[in-house]
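Listed below, chain by chain, are the residues.
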Amino acid sequence: MSDRIADIWGARTAYPRGHIWPNRVDQFLADGLSDADVDAWVQSACVLCSTGCGCDIAVKDGRMVGVRGRETDVVNHGRLGPKGLYGSWQPFNSPDRLTVPLVRQNGRLVEASWDEAMNRIVAASRERLDREGPGSHGFYTSGQLFLEEYYALGTLAKAGIGTPHLDGNTRLCTATAAASLKESFGADGQPGTYEDLDECEALFCYGHNMAETQTVLWSRVLDRMAGPDRPALVCVDPRNTAVAREADVHLRLRPGTNLALMHGLVREVIAQGWVDQDYVAAHTLGFERLADTVAPWSPERVAEVCGVDPGEIREAARIFGTTPRVTSTVLQGFYQAPQATASSCQVNNLHLLRGMLGKPGCGVMQMNGQPTAQNTRECGANGDLAGFRNYANPEHVQELADLWDVDADHIPHGEPPTHAMQIFELAEQGDISMLWISATNPAVSLPQLPRIREILAKPELFLVVQDLFLTETSEFADVVLPAAGWGEKTGTFTNADRVVHLSRQAVEPPGEARSDLAIFLDYAARMDFRTRSGRRLLDWAGPEDGFTAWVECSRGRLCDYTGLSYERLSGGTGIPWPSSPDEPDGKVRLYTDGTFPSGTQECEDYGHDLATGDPLEPDQFAGVDPGGRAMLKTCDFEFDATNSEDFPLLLSTGRTVYHFHTRTKTARAPQLQAAAPEPWIEISAADAADLRIRDGDKCSVHSKQGSVEVKARITDIQPGVVFAPFHYGARTGAGFDQDRAANTDARPTAANELIQTEIDPVSKQPVYKCAAVRVEAIS
Ligand code: SF4
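The rules behind each value
Residues numbered from 1 in each chain as written. Predicted model: local features only at pLDDT ≥ 70, side-chain atom pairs only at ≥ 80, totals over all residues. Heavy atoms only, no water. Helix = DSSP H or I, 4+ residues; strand = E, 2+ residues; numbered from the N terminus. Expected span 1.5 Å × (residues − 1). Buried < 20%, exposed > 50% of the residue type's maximum accessible area, 1.4 Å probe, protein only. Pairing = 2+ DSSP bridges. Axes fitted to C-alpha atoms, helices over the stretch in contact; angles between N-to-C directions. Salt bridge = Lys/Arg side-chain N within 4 Å of Asp/Glu carboxyl O. Parallel < 35°, antiparallel > 145°, perpendicular 65-115°, else oblique. Left-handed = near helix turned anticlockwise from the far one by under 90°. Contact = heavy atoms within 4.5 Å. Nonpolar A, V, L, I, M, F, W, Y, C, P; charged D, E, K, R; others polar. Phe/Tyr/Trp six-rings, centres within 6.5 Å; stacked < 30°, edge-to-face > 60°. Near = heavy atom within 4 Å. pLDDT = per-residue confidence, 0-100.

*Asks:* How should helix α21 (residues 516-527) be read in this particular structure?
*Replies:* Given 3.6 residues per helical turn, the α-helix brings residues three or four places apart onto the same face. Counted at 1.5 Å a residue, the expected span for α21 with its twelve residues is 16 Å, and the 17 Å between its end C-alpha atoms agrees. Counting buried positions along α21 yields nine of twelve residues, so the element is predominantly enclosed. Taken as a whole, α21 has its buried residues at Asp-516, Leu-517, Ile-519, Phe-520, Leu-521, Asp-522, Tyr-523, Ala-524 and Met-527. Asp-528, located one to two residues past α21, shows a positive phi value of around 60°.

Printed below as a string of C-alpha cells:
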C-alpha cells in the first residue's frame with residue numbers, strides 16, 4: 001500500500017456514470033506483520049468520520065494490530081482513508097489509556113475501585129435529585145458512542161431521572177443537518193445515498209471540504225471525475241480547498257454570506273424557468289413566499305455582498321437548473337456559519353424546486369460530522385425524543401411512555417430540549433449541579449474556552465468524565481471513568497447515508513475499563529430506576545438487548561430498524577434504514593414518491609421561524625398542516641461582519657485531513673501526529689506582508705474572547721480571512737501529562753480560545769466560522 005499520508009486518496013479506479021464503484025481493498029498492519037500473522041479478522045466499521053467505512057479489525061495475541069477495508073461493504077467498497085488506516089486502531093494500544101476509575105481527593109485525581117467511583121456518583125446524584133430535582137442533572141455526550149449506548153443514556157436521562165438537559169457534541173457538527181431536514185421535510189433522515197455519486201451528472205459541495213473531512217467519499221468523486229463522463233463540480237467555499245481545485249465553478253464567497261449566495265442561486269433557477277412546476281404544485285408548500293424573498297437577489301447584488309463574480313453565479317445556477325441529475329452535499333461551511341439552518345434549507349429548496357429528490361443521482365446529503373452522530377439524533381441523546389418523535393406532540397410522548405412503561409408526565413416534553421450551550425449556561429448559573437460528560441472534550445471543542453474552563457472548574461458542580469484517556473476536560477472532573485472503545489465492545493452505528501453497521505468486540509479492554517453501555521446500565525441499576533410495573537428500567541444484559549429495545553422504539557417511525565438484527569448485520573455489508581420485514585434490505589433513497597413525513601401527527605417538529613428561531617406552536621402548524629408536502633422555507637439575509645479596527649480579520653476554524661475532533665485518538669496514531677503535529681494559522685500573502693509575518697513565524701492571534709500563539713502558514717486564502725484547525729488543545733503530543741509537564745509555560749493554542757458564543761437561532765449550532773481577530777507578529 002502507498003504512503004497514505006502523502007497519497008491521501010490512494011490510486012484511482014475510474015468508472016463511468018451508472019456503474020458500480022470498483023473495489024479497492026486498503027489495509028494497514030503493524031510494522032513487520034503480514035496477513036499470515038493475523039489470528040482473526042473481526043467485522044466492524046470505522047468510527048473516525050460520518051462516512052462509516054466497513055472494515056475488519058486484525059487481531060494478534062489479543063491485541064488490535066491493523067485494519068482492512070471490507071470490499072463487500074456498500075459504503076466504501078474496500079477503501080479506507082488515512083484516519084481509518086492509522087487512527088482507528090493504534091490509539092487503543094497506547095500506554096496512557098485510562099485503566100482504572102479516578103476520584104478527586106484533596107484536589108487530586110487518585111485511583112479508585114469501580115464501587116467507590118460509582119458510589120460517589122450515585123450519592124451525588126441522589127442528593128441533588130432530593131434537593132434540587134431532575135433539572136439539576138445534565139448530560140453531555142458524543143458522536144462516537146454506539147447506538148445502544150445512546151439509547152440507554154437517553155432512556156435513563158428522560159425516563160429514569162426525568163431531566164431535559166441532555167445533548168451531544170453533535171450539536172457542534174450536525175445539529176443544522178437535522179434542523180434543516182426537519183424544517184424542509186418534517187423529520188430528520190437523509191434523503192439521499194452515497195450511490196447518488198455514481199449516478200449524478202453534477203455535484204454541488206456547499207461548505208463541504210469532502211476531500212479532507214470524508215476522504216473515502218472524495219475518492220469516489222475523484223474516481224467519477226477520472227471516468228469517461230465526468231460530473232460537473234461546483235464548490236461553495238471561502239477557501240481554495242482540494243475540492244475547489246477540482247471544481248468547474250468555485251464560488252469563493254466571503255465568510256458569513258452563504259444565505260445571500262443561496263438566495264441568488266434560487267432566484268436564478270426560478271427566473272430562468274428551470275422550476276419543475278408540476279412537482280412544486282403537487283409536493284411542496286411555500287413557493288410564493290420563497291420567490292418573493294429571493295426576488296431582490298440578482299447575480300449582481302449577490303456578487304456585491306458575497307465578493308464573487310456574477311457570471312460564476314449564473315453558471316452555477318445554470319448547471320443546477322439544467323442538469324438532469326444533481327447531487328448536493330452540505331457540511332460545516334454552512335452549518336457552523338451565520339444563518340446556518342436557513343442556508344441549508346435553501347439547498348433542500350433547490351432540489352424541491354427541480355423535483356430532484358428520491359431519484360438516482362438526485363440526492364441531498366445534509367452530511368454529518370461525527371461518525372455516529374445519526375444515532376445521537378435518532379436515539380434522543382441530543383435531547384430530542386427517541387425515534388424522531390415530536391416533543392410537542394402528546395401522542396408521541398405517550399408512545400414513549402408506554403414503551404418505557406413510565407408516566408408520560410415524567411418524560412420532559414412541551415418545551416424545546418436543552419441544547420449544549422444552554423447546558424453549560426445552566427451549569428454556569430448553578431441550575432445544573434451535576435454534569436456527566438461522555439466521550440467528548442468540551443474544554444477544547446466548545447466556543448469561548450476561558451468561559452468553559454471556568455464553568456467546569458466551579459466547585460459546586462459535580463463533574464463526571466468518561467473517556468479513553470485523560471483529556472483537557474477530565475482535568476476538572478470529580479470522577480473519571482475509564483471507558484472501553486471501538487474494537488473493545490460490540491454495538492451498532494449508523495453513518496450519514498443511514499447505513500447501519502455492526503461492530504463486534506475484537507479484544508478485551510485494558511485494565512478495568514468498561515464499555516459506555518456497561519457504565520450507563522450500572523448507574524441505572526444502582527439508582528434503582530423502576531418502571532410503573534416495578535421492573536428495572538434498563539434491564540438489558542448487554543448490547544444485543546439494547547438493540548432489540550431500540551428496534552421496538554423505532555417501529556413504524558421513519559428510522560424503522562425492525563428489519564435489522566445483529567444476525568442480519570453480520571453479513572458482508574451495512575444495511576440502510578428504514579428496514580422492515582417487508583423491506584429488509586432497507587430503502588436506499590427516501591421520498592421516492594414525493595410524500596414527506598410532514599403531517600401534524602407524523603412530523604418530528606412543528607418548525608421554526610428561520611430568522612428568529614421562534615418555534616411554531618402546535619395550533620399554528622395544524623392550521624397549515626402540510627400533510628405530506630415538503631416546505632419551501634426561507635428568511636431574509638442578515639449579516640453584519642463583526643470585524644473592526646481592533647480586530648480586522650475574520651477567523652474561520654475547521655478540520656485537517658490528519659486529525660479528528662480534539663485528537664484524543666488521532667494524536668496517538670504516530671503517522672497522523674507526525675503529519676500534523678502542531679496548530680497553525682493560515683494567512684494570505686498580502687496580510688502577512690502587511691503584518692511583517694513570514695511563513696513559519698510564530699504569531700499571536702487575539703479576539704475579544706482570548707489569545708493564542710501559533711505558527712503562520714502563508715497560503716492562497718482570501719485577504720482579510722484567516723483559518724485555524726480546531727483540533728489542538730493544551731496538548732501538543734500524544735501524552736497529556738508528559739506534554740503538560742514539558743510545557744508549563746506554553747501559551748494557549750486552541751482555536752476555540754478565540755471563538756465567541758453565538759448560535760444559529762434554529763439548530764443552536766455554534767458559529768465557528770466568523771470570529772473577528774487581530775494577528776500580530778512575535779518578534
Ligand atoms: S473516510 Fe471516515 S470512516 Fe472512512 S476510513 Fe476515513 S475516517 Fe474512517
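*Asks:* Could you clarify how one ought to interpret the sheet that holds strand β2 (residues 40-45) in this entry?
*Replies:* The strands that make up a sheet pair up through hydrogen bonds in the backbone, lying either parallel or antiparallel. Spatially, β1-β4-β3-β2 is the arrangement adopted by the four strands of the open sheet, whose pairing is antiparallel. Two strands bound the open sheet, and with one partner strand each, they are β1 (27-29) and β2. Pairs of neighbouring strands in the sheet enclose a mean axial angle of 25°, with direction left out of account. With six bridges connecting them, β2 and strand β3 (residues 54-60) associate as antiparallel partners. Each residue of the ladder has a partner; that of Val-42, found in β3, is Ile-57.

*Asks:* Sorry if this is basic, but what is going on with the environment of Gly-534 here?
*Replies:* By the secondary structure assignment, Gly-534 is in the loop between α21 and α22 (543-554). In sequence terms Gly-534 and Val-406 are 128 residues apart; their C-alpha atoms lie 9.9 Å from each other.

*Asks:* Would you take a moment to explain the sheet that holds strand β19 (residues 499-503) for this structure?
*Replies:* Pairing is antiparallel across the open sheet formed by three strands, whose spatial order is β18-β19-β20. The open sheet has two edge strands, β18 (491-494) and β20 (575-576), and neither has a second partner. The pairing of β19 with β20 spans two bridges and is antiparallel. Considered in β20, the bridge of Val-500 is made with Ile-575.

*Asks:* Would you explain the pattern of salt bridges in this entry?
*Replies:* Where charged atoms from two side chains of opposite charge approach closely, those side chains can pair. In total, this model carries 46 salt bridges according to the counting rule given. With a closest N to O distance of 2.5 Å, Arg-12 and Asp-223 form a salt bridge. Remark: Asp-223 occurs in helix α7 (residues 215-225) and Arg-12 occurs in the segment before β1; sequence separation between them is 211 residues. The class of Arg-12 is partly exposed, set by a relative accessible area of 34%. Judged by its relative accessible area of 0%, Asp-223 is buried. Residues Lys-489 and Asp-516 are paired through a salt bridge, measuring 3.1 Å at the closest nitrogen-oxygen approach. Taken together, the residues Lys-489 in the loop between β17 (479-482) and β18 and Asp-516 in helix α21 connect sequence positions 27 residues apart.

*Asks:* Before we go on, may I ask you to explain helix α3 (residues 147-161) in this structure?
*Replies:* For α3, which comprises 15 residues, the first-to-last C-alpha distance of 20 Å matches the rise-based estimate of 21 Å (1.5 Å per residue) to within 8%. Most of α3 sits inside the fold, with 15 of its 15 residues counted as buried. Among the residues trailing α3, Gly-162 stands out with phi positive, at a value near 90°.

*Asks:* Can you walk me through the packing of helix α9 (residues 258-271) against helix α13 (residues 310-322) in this structure?
*Replies:* A pair of packed helices is captured by two measures, namely the crossing angle of their axes and the spacing between those axes. Two elements in contact, α9 and α13, have axes separated by 9 Å at closest approach and are oriented at 60°. The pairing of α9 with α13 is recorded here as oblique in orientation. Crossing hand, α9 versus α13: right-handed. Taken together, the residues of α13 that come into contact with α9 (itself represented by Leu-261, Leu-265, Glu-268 and Val-269) are Ile-313, Arg-314, Ala-316 and Ala-317. Grouping the amino acids of the contact of α9 with α13 by side-chain chemistry returns six nonpolar, no polar and two charged.

*Asks:* Explain the packing of aromatic side chains to me, please; I cannot follow it from the model alone.
*Replies:* What describes a pair of aromatic rings is the distance from one ring centre to the other and the angle between the planes of the rings. Going through the model one piece at a time under the given rule, you end up with 24 aromatic pairs. Their ring planes at 40° and their centres at 6.1 Å tell us that Phe-28 and Trp-89 sit as a pair that is tilted. In this pair, Phe-28 is assigned in strand β1 and Trp-89 in the loop between α1 (82-87) and β5 (102-105), connecting sequence segments 61 residues apart. Overall, Phe-28 belongs to the buried group, its relative accessible area being 16%.

*Asks:* Looking at this structure, I do not really get the site of the ligand. What am I missing?
*Replies:* Lining the immediate environment of the ligand, one finds Cys-46, Leu-48, Cys-49, Thr-51, Gly-52, Cys-53, Leu-80, Gly-81, Lys-83, Gly-84, Thr-215 and Val-216. The set of elements that each furnish at least two residues to the shell around the ligand consists of α1 and α7. Split by residue class, the shell around the ligand holds six nonpolar, five polar and one charged.

*Asks:* How should the confidence of the model for the protein be read in this particular structure?
*Replies:* Detailed conclusions should not be drawn from predicted coordinates in areas where pLDDT is low. The pLDDT averaged across the protein works out to 96; a share of 98% of its residues lies at or above 70. This stretch, residues 732-738, has a pLDDT under 50; its non-local contacts, to residues over four places away or in other chains, come to 22 contacts.

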